[in-house]
Amino acid sequence: MNIDIGISTEDRAKIVDSLSGVLADSYMLYLKTHNFHWNVTGPMFQTLHVMFQEQYTELWNALDDIAERIRALGHFAPGTYQRYAELSTIKEEANVPGAQEMIRQLVAGQEAVARTARAAFRIADAADDQPTAGMLATRMEIHEKNAWMLRAFLEQGAGHTQGEASSESKN
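Each value, and the rule that gives it
- Residues numbered from 1 in each chain as written.
- Predicted model: local features only at pLDDT ≥ 70, side-chain atom pairs only at ≥ 80, totals over all residues.
- Heavy atoms only, no water.
- Phe/Tyr/Trp six-rings, centres within 6.5 Å; stacked < 30°, edge-to-face > 60°.
- Helix = DSSP H or I, 4+ residues; strand = E, 2+ residues; numbered from the N terminus.
- Buried < 20%, exposed > 50% of the residue type's maximum accessible area, 1.4 Å probe, protein only.
- Salt bridge = Lys/Arg side-chain N within 4 Å of Asp/Glu carboxyl O.
- Core = buried A, V, L, I, M, F, W, Y, C linked by side-chain atoms within 4.5 Å.
- Contact = heavy atoms within 4.5 Å.

Draft legend 1. View of the packing of aromatic side chains. With the rule as written, the count across this model stands at 5 aromatic pairs. Ring centres 6.1 Å apart and planes at 75° place the aromatic pair Tyr 30 and Tyr 56 in the edge-to-face group. Of this pair, Tyr 30 sits in helix α1 (residues 9–39) while Tyr 56 sits in helix α2 (residues 45–72), placing them 26 residues apart in sequence. Given the relative accessible area of 10%, Tyr 56 is considered buried. Members of the aromatic cluster, connected to one another through ring pairs, are Tyr 27, Tyr 30, Tyr 56, Trp 60, Tyr 81 and Tyr 84.

Draft legend 2. Geometry of the pattern of salt bridges. Following the criterion strictly, the structure yields 6 salt bridges and no others. Close ionic contact of Arg 69 with Asp 129 constitutes a salt bridge, the shortest N to O distance being 2.8 Å. Of this pair, Arg 69 sits in helix α2 while Asp 129 is found in the loop between α4 (99–126) and α5 (130–152), placing the two residues 60 residues apart along the sequence. A salt bridge links Arg 118 to Glu 144; the nearest nitrogen and oxygen atoms lie 2.7 Å apart. Within this pair, whereas Arg 118 is found in helix α4, its partner Glu 144 is found in helix α5, the two being separated by 26 residues in sequence. Taking relative accessible area as the criterion, Arg 118 reaches 34% and is therefore assigned partly exposed.

Draft legend 3. Broad picture of the nonpolar core. Counting 41 residues, the largest nonpolar core has Leu 19, Leu 23, Phe 52, Leu 136 and Leu 150 as the members making the most contacts within it. Those elements giving two or more residues to this core turn out to be α1, α2, α4 and α5. Sorting elements by how many residues they give to this core places α1 first, with 11 residues. When near neighbours in sequence (up to four residues on either side) are disregarded, Phe 52 contacts Thr 33, Phe 36, His 37, Val 40, Met 102, Ile 103, Leu 106 and Leu 150.

Draft legend 4. Quick look at unusual backbone geometry. Phi angles above zero are rare outside glycine, and Asp 128 is one such case at about 60°. Inspection of the secondary structure puts Asp 128 in the loop between α4 and α5.

Structure below.
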């Protein structure tokens, strides 16, 4: 049966292509975050273990929303590791890095999903697809916040006041 929701067939295909990238990046970040949750060690173990779990759980739930939006637009969602690896800008980690490197990789992954979602947002917005644009705006907000929280673990000079940090950055 034909889909007549006010978005052309061509625009729906463009939106789905971009959403497939968001889904792939989200899945690869989910997998990496879950892997790091299992394997993190060191003095920040408990804090990172819990934070990683919160982040991978949120990602897991988002995957369904993204895939179901692809289906609502009349296309099949990608669903294999091979396809995700082809579509994703996030690469797998073959080893078990230290906690600081895990955090760096997860910051990069969160930022990558935010960029992919932002590009998809532009396509959805241009096609007047408010449901997709709204979902993507939410995804960007979540990934930007997660990246900020993770970056906080990489900050040097913990314990400085805001004024101290500001004056140091001017030097």
